[in-house]
Amino acid sequence: QQNLIKSINKIYPGVKIIVFSFQYPFVKFEYTWHGNTVYAFGGQNRNGITRRVLWLKIMQQLNKLHQYYTVKGVLSFWCDECAYVASRFCRKFNYRHLCWLLGQDVRAGNRYVSKIHEPGKTFVALSDYANGMFKSNYNIQPIATVPPGINTCDFEENNTTRDIDLLAAGSLIPLKQFDIFIQIAAALKIKRPGITIVLSGDGPELQKLKSIAFEKGLAANIHFKGSLPHTALLQLMQRSKIFLHPSSFEGFGMVCAEALYAGAQVISFCKPMNRVIKNWHIAENTVDMQQKAMELLLNLPASEKILIQSADDSANTIMKLFCN
């Protein structure tokens, strides 16, 4: 989302972007980010009447902006409370609202879908997979598929040796299934005792994952890096041979796109696009993922940057949708 905003700033300098952040950070204040005004409302994920009061305050601020600006439209990230408030505001003043479906919001049971749906106008899918799942679950066809774009300028030019055999990164939560990552790493160690493994991220599963790694005899092989700055994670990707992404569900998997551009081989369970993406290998199950990882380690192809979509491409597509 940050890449998208930066690209719109660059390509469309005459467009003013104002960001509304509902829950984070946990402090309410107004600030400027890369020249863009941000209203942070500090919702702190509180529920009940407190959350509804928050929505009312946000709507009041939106109404004020309507008085001062010519609004081109509103783009909401995820089909949730932000999209709900945005849809109410846009209907009131007949503005264009686009809701970017970015992940689990395409699954069945999303109560916000019916509240914001406008036939043929609203939903934009992150991937072909998300597009198809949303159509299957709600019988609503998103008007477009816009994959996340990466900012190639974020990657430093370097000739670093690929000294990390296996890398994974993300929130350490059950959905991401990093226990599978550790199990596969342990199996690979049998044939490659000196294997180097890195897991970057933080979350409630950290201690559990450390315990599994210790039980599997990986104490000398695995490095838990914690939550890293984005640039530091990209540097790890540029040092990695394989980026393993065992998540049980992904709308697209931005980290996979970044790992591809960093020159790593990517293996995941989820296939985001209908077309084949070079160096992105789709595993049917855990055994298949392990086999693919071993084959790549034994016969690693030459490193190659694979760009699926740039942030500029995503920005252009989104902006053109506002003009349709």
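In this text, all values refer to a predicted model and were calculated from it rather than measured experimentally.

## Quick notes on the overall build of the protein chain
For the protein chain, the count of helices and strands is 11 helices and 13 strands. Taken over C-alpha atoms, the radius of gyration comes to 21 Å for the protein chain, in line with the 20 Å a tight globule of 324 residues would show. Overall, the protein chain is about 65 × 40 × 40 Å in size when its C-alpha atoms are taken along their principal axes. Each of the 324 residues in the protein chain was classed as buried or not, and the buried ones make up 49%. Contacts spanning at least 24 positions in sequence make up 65% of the contacts within the protein chain whose residues lie at least 6 apart. Within the protein chain, one finds 36 positive and 23 negative side-chain charges whose respective centroids are separated by 8 Å.

## Section: the pairing of strand β8 (residues 164-169)
Side chains on a regular strand alternate between the two faces of the sheet. Burial analysis of β8 places six of its six residues in the buried class, the great majority of the element. As paired elements, β8 and strand β11 (residues 240-245) share three bridges and run parallel to each other. By the bridge assignment, L167 is partnered in β11 with F243. This β-α-β element, β8 to helix α6 (residues 178-191) to strand β9 (residues 197-200), shows right-handed connectivity.

## Quick notes on the packing of aromatic side chains
Under the defined criterion, the tally for this structure stands at 15 aromatic pairs. Between F123 and F134 the ring centres are 4.8 Å apart and the planes differ by 55°, which places this aromatic pair in the tilted class. One end of the pair, F123, is in strand β6 (residues 123-125); the other, F134, is in helix α5 (residues 128-138), and 11 residues separate them in sequence. No difference in accessibility class separates F123 from F134, as the two residues are buried. An aromatic cluster is defined as three or more aromatic residues linked by ring pairs; in this entry it consists of F20, Y39 and F41.

## Examining the packing of helix α1 (residues 2-11) against helix α11 (residues 311-323)
Relative orientation of the contacting elements α1 and α11 amounts to 75°, with a least axis distance of 8 Å. As summarised for this structure, α1 and α11 are arranged roughly perpendicular, according to the angle between their axes. Side by side, α1 and α11 meet where N3, L4, S7, I8, K10 and I11 of the first sit next to A311, D312, S314, A315, N316, I318 and M319 of the second. A per-class count over the contact of α1 with α11 returns seven nonpolar, four polar and two charged.

## Considerations on the pattern of salt bridges
In this structure the tally under the stated criterion is 10 salt bridges. When the shortest N-O distance is used, the salt bridge between K241 and D165 registers 2.9 Å. Note that K241 is positioned in strand β11 and D165 in strand β8, a separation of 76 residues in sequence. The pair formed by K241 and D165 is uniform in burial state, with each residue classed as buried.

## Description of the pairing of strand β2 (residues 29-33)
Bridge count between β2 and strand β3 (residues 36-40): five bridges; the pairing is antiparallel. Residue pairing in the sheet places F29 in a bridge with A40 of β3. Between β2 and β3, which pair antiparallel one after the other, the connecting turn spans two residues, and H34 there sits at a positive phi close to 50°.

## As for the sheet that holds strand β13 (residues 280-282)
The parallel open sheet is built from six strands, whose spatial order is β10-β9-β8-β11-β12-β13. Both outer strands of the open sheet, β10 (222-226) and β13, are each paired with one neighbouring strand and no more. Neighbour to neighbour, the strand axes of the sheet diverge by 20° on average, direction disregarded. In terms of strand pairing, strand β12 (residues 265-268) meets β13 through three bridges, oriented parallel. Its bridge partner being in β13, S268 is matched across the sheet by I282. Lying on the sheet, helix α9 (residues 254-261) is in contact with β8, β11, β12 and β13; it crosses β11 at an angle near 165°.

Procedures and definitions
Residues numbered from 1 in each chain as written. Predicted model: local features only at pLDDT ≥ 70, side-chain atom pairs only at ≥ 80, totals over all residues. Heavy atoms only, no water. Helix = DSSP H or I, 4+ residues; strand = E, 2+ residues; numbered from the N terminus. Rg over C-alpha atoms; globule rule 2.2 N^0.38 Å. Buried < 20%, exposed > 50% of the residue type's maximum accessible area, 1.4 Å probe, protein only. Contact = heavy atoms within 4.5 Å. Lys, Arg positive; Asp, Glu negative; His and termini not counted. Charge placed at Lys NZ, Arg CZ, Asp CG, Glu CD. Pairing = 2+ DSSP bridges. Right-handed = clockwise from strand over helix to strand, strands pointing away. Phe/Tyr/Trp six-rings, centres within 6.5 Å; stacked < 30°, edge-to-face > 60°. Axes fitted to C-alpha atoms, helices over the stretch in contact; angles between N-to-C directions. Parallel < 35°, antiparallel > 145°, perpendicular 65-115°, else oblique. Nonpolar A, V, L, I, M, F, W, Y, C, P; charged D, E, K, R; others polar. Salt bridge = Lys/Arg side-chain N within 4 Å of Asp/Glu carboxyl O.

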